[in-house]
Structures are given as structure tokens and as C-alpha cells.
Amino acid sequence: MNIKFPDNFIFGAATSSYQIEGNNFNCNWSDWEIKGKKTLENCGKACNSWDRFKDDIALLKNFELDAYRMSIEWSRIYPTPDKVDTEALHHYSEILEYLKENKIKVFITLQHHTLPKWLKQGWLDKNIEKHFHNYASLIAKEFSCLIDTCMPINEPAVNNALGYFLKEFPPGTANFIAAIKAAKNQLKCHYTAYHAIKEFSPEMPVGYNKQIIQFKPHKNSIVNKCLSYYYDCLFNKAFLNIFHNEKLPILRTKIPGFSKTVDFWGLNYYTHKWISLFGGKNKKFSIKETSQMTQTGWEWNPEGLVEVLQRIHSLKNIPVYITENGIATNDDNERKKFIYQHLKSVLNSLEKGVDIRGYFYWSLIDNFEWNLGYKPKFGLASIEADTFDRIPKKSGFYLGKIAKSKKLIKP
Ligand code: BGC
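Note that the coordinates shown come from a computational prediction; the quantities given were computed from them, not determined experimentally.

A.B. asks: Just checking my understanding: could you explain the overall build of the protein chain for this structure?
C.D. replies: Within the protein chain, the regular secondary structure consists of 13 helices and 13 strands. Here the C-alpha atoms of the protein chain give a radius of gyration of 20 Å, agreeing with the 22 Å that 2.2 N^0.38 yields for 411 residues. Taken over the C-alpha atoms alone, the protein chain extends approximately 55 × 50 × 40 Å along its principal axes. Within the protein chain, the fraction of its 411 residues that count as buried is 59%. Intrachain contacts of the protein chain at a sequence separation of at least 6 include 77% that bridge at least 24 residues. Of the roughly 17,000 Å² that the protein chain leaves accessible, carbon and sulfur atoms contribute 52%. In the protein chain, 56 side chains carry a positive charge and 43 a negative one; their mean positions are 6 Å apart.

See the structure below:
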């Protein structure tokens, strides 16, 4: 097997605003934690990246990575529907300028699991498309010369499944009709943001971010096969096929031109799920079949990355960035092994003709893992609890060595 990545292949690490910035009190997540007590811990100051962003960028430099995927917190930019917080805008421009000075490529996400709390109905708000359009336009107008690519929404299907089925994210309901309506609005927001960005910056590549989970029937039984197919339709097809047939999920309404609103796939890949009608204890529908488990209880399956890359490649042959791939573990050697095995799958897929342009490890630093609080350790660096100092881990340097040599080096 070829062990060399193309010369222009980029390696980076990813984060999201709410999970690292701290003191974000204007979005639906802070309400959810504080009023709903739905998380193991509150986010609070997170990694204090709002103040310590230079330290995050220093880590990227120290590891010798090429790129950073980060998100902007919509509710900071727009504390109310029509008012822009110029200080917040200025703060993000400082971060982006600092990244540019340090020659780090920037991949921006506009919405990463949080929504401003003034959107009382969340994704169901009847004006969400208009508001998202304004926000995307503003970011494109202010920052297009500072960013390299943009993805409007981080993995809408995850947001939808956890918020409208599994009750782990706000609004914490299990309501099929609401989930369909939310999906419709998420996709419309992607569409409108794509055009808003292109208006100011026609050259900027705008991507669609999708976590793909393959649902596999336990013991290959007919019932489990049907169930797996059903989950695949809800989680994957409903959020992907529109780029092929331009039809909104279930409602079948067409959005002409939708298939053209993607310049690259942003693929998030972590795990697969074994589906069984009877499920395992507390596991709802999925069970565990192997021993490669992470702190979040996910099985890791590097070969599955080849399958999902092939899947999006067949849907639309456009460039792909792996925008998230990572493991929650306290064992940093295990993290290196995880990275090695997944990068092997990347090389394998490149050989099969998939146009993969880059790989982002999730996450640059240990951070707030939503309903699971601070327990899962995904980071290439840890955060000192009292001082917020960043402590690099060996896995960060390992990924950096690969980035520099463009060669898959054994851990
Ligand atoms: C999300 C991140 C999250 C990570 C690990 C992804 O689905 O985009 O916000 O921390 O998975 O759970």
C-alpha cells in the first residue's frame, strides 16, 4: 500500500465554539443545562478559549498542523435577532487574523449544535431561514478574506436525532413530525447560507457537513435488516439524497438547484451501530459487538471509513475533507493507533479514486462533550482545570509528524 499522502493534502484539528469558548449564555444549550439539568456537568468556562485562543493556535503551530476547523457562535454575533454585537465580531476577526498570521488554513462552521435562544422554537422557528441568511451574509461579508472554506451547519442529522428523537440535546423531545419539520428547515438553511456566502465570495468553497453512521443488522436477521434500513433512511438518506434528487425528506417537495449547493463533502466519522430490535441494556436500539470501545461507548471501525467514503463519492464525486474523526480515551497510545488505522483507510480510499483533500482530528483539546460533560477525553491536548493551561499530548506531535512528512508513520 502507498504510504504517501498527496503533497497538498492538509492535516488539521477541529473544535466548536460552545465546547471550548466558555461563558456562552445566549444560546439554547446554556438554558438546557441550567434549567433542564440534562447534562452530567454544565459547560461553564469550558476551555476558556474565548480568552486563550492564542494558546490554541500555539498548539496547532507546535504540532505543525496545517489547518484549523472552528465554529462561530451565532448567538454571540446576534444577541437579538436584529442587533449585531460588534465586539464579538471584532473578537472573531482577531482570532481569524491571528490564524492567518500563523499561516493556518481556516475551515469555518456557522452553526455547531447550538442556536440563539431568541429562536424560541429552535429549528422549527418559522423565520429561521431568514435569520440564518442574514447571519451567513454578515460572516461572508466580514470574514471572507480571512477564511478558506465554510460549512453552514455541522451534522444536521446528529442534531436532529439527538434533539427530536433521543432527547439528549435541546429541545429534548421525541416527535417524528417535529423532526421532519426541523430537517426541512436545516436543509433550507444550508441552501440559503450557500447562496448568501457565494454572493460575497463566489470563489469560497462551501461544504456540506455530515456524520455518516452505518447501521448494521445484528446477526443479519430480517427484522434487524429492516430496522437498519429504516435508521439509514432517517439518519443518512434523508440528509444526503437531496444532493442528488433535490427532494426534501418525506415531504418530497423539490428545491430546484439544491444539488448544486455543495462544493465539497465535510465528512465526520466515528463509529457504526449494530442494530437489534431488542437492543442491549439501556442501549435503546443498538448493541455492542466488538471490544474496540471508546469512553463514549462507541465501537471503532477504521475499515468502515472506506465504506462511507465510497458512499459519498458515489453520491457525488466532489472533493472530500474528513472534518472530524477522533476517539475519547485516556490512553494516548490508543489515540495514536486510532489515528494510524483511520489514516490507513484514507490512503486506501485515495487509491480507490476518492478525492480526499484533508483530515481533521476531533478534537484539538479536551472539551465539553455535550450531555456527557467533561469526562470524555478526545483532545490532542488536555486542559489544566485551575489554570486552563494547555498540555500537549504525544498524539498531537504524532499527527504533526505525519502532516509534515505527508507519510503514514507507524505509531
Ligand atoms: C460533534 C462534536 C462532538 C463529537 C464527539 C460530533 O458529532 O460534531 O461536537 O463533540 O462528535 O461526540
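Back to the write-up after that little detour.
A.B. asks: Looking at this structure, I do not really get helix α11 (residues 302-315). What am I missing?
C.D. replies: Helical geometry: 3.6 residues make up each α-helical turn, so side chains three or four residues apart lie on a common side. Taking 1.5 Å per residue, 14 residues should reach 20 Å; α11 reaches 21 Å between its end C-alpha atoms and fits that length. Buried within α11 we find P302, G304, L305, V306, V308, L309, I312 and H313. In this fold, the buried residues of α11 make contact with β6 (214-217), α9 (222-240), β7 (264-268), β10 (320-324), α12 (332-351) and β11 (356-362).

A.B. asks: Is there a simple way to think about the pairing of strand β1 (residues 10-14) in this case?
C.D. replies: The side chains of a regular strand alternate between the sheet's two faces. Of all five residues in β1, five are buried, a share of seventy percent or more. Here β1 shows no split at all, with I10, G12 and A14 on one side and F11 and A13 on the other all buried. In the sheet, β1 pairs with β11 via five bridges, with the strands oriented parallel. Opposite G12, over in β11, you have F360 as the bridge partner.

A.B. asks: Explanation requested: the packing of aromatic side chains in the structure shown.
C.D. replies: For any pair of aromatic rings, geometry is given as the distance between the ring centres together with the angle between the planes. Per the counting criterion, the structure on display carries 38 aromatic pairs. Look at F107 and Y321: their rings are 4.9 Å apart centre to centre, the planes differ by 75 degrees, and that puts the pair in the edge-to-face class. You can see F107 sitting in strand β3 (residues 105-111) and its partner Y321 sitting in strand β10, a full 214 residues away along the chain. Here the two residues F107 and Y321 agree in accessibility, since each one is buried. Arranged with centres 6.2 Å apart and planes meeting at 50 degrees, the rings of W298 and F378 form a pair that is tilted. A residue pair is termed long-range when its members are at least 10 positions apart, and W298 in the loop between β9 (286-287) and α11 and F378 in the loop between β11 and β12 (381-383) qualify at 80 residues. Since its relative accessible area comes to 3%, F378 is described here as buried. A network of ring pairs unites the aromatic residues Y18, W29, W32, F169, F368, W370 and Y374 as a single cluster. Of note, K54 hangs over the ring of Y98, and the distance from its end group to the ring centre comes to 5.0 Å. Geometry around W50 places R76 over its ring, the cationic atom sitting 3.7 Å from the centre.

Quick notes on the rules
Residues numbered from 1 in each chain as written. Predicted model: local features only at pLDDT ≥ 70, side-chain atom pairs only at ≥ 80, totals over all residues. Heavy atoms only, no water. Helix = DSSP H or I, 4+ residues; strand = E, 2+ residues; numbered from the N terminus. Rg over C-alpha atoms; globule rule 2.2 N^0.38 Å. Buried < 20%, exposed > 50% of the residue type's maximum accessible area, 1.4 Å probe, protein only. Contact = heavy atoms within 4.5 Å. Areas by Shrake-Rupley, 256 points an atom, 1.4 Å probe, with all protein chains shown as cover. Lys, Arg positive; Asp, Glu negative; His and termini not counted. Charge placed at Lys NZ, Arg CZ, Asp CG, Glu CD. Expected span 1.5 Å × (residues − 1). Pairing = 2+ DSSP bridges. Phe/Tyr/Trp six-rings, centres within 6.5 Å; stacked < 30°, edge-to-face > 60°. Lys NZ or Arg CZ within 6 Å of the ring centre and 35° of its normal.

Any functional reading would require information that these geometric values do not contain.
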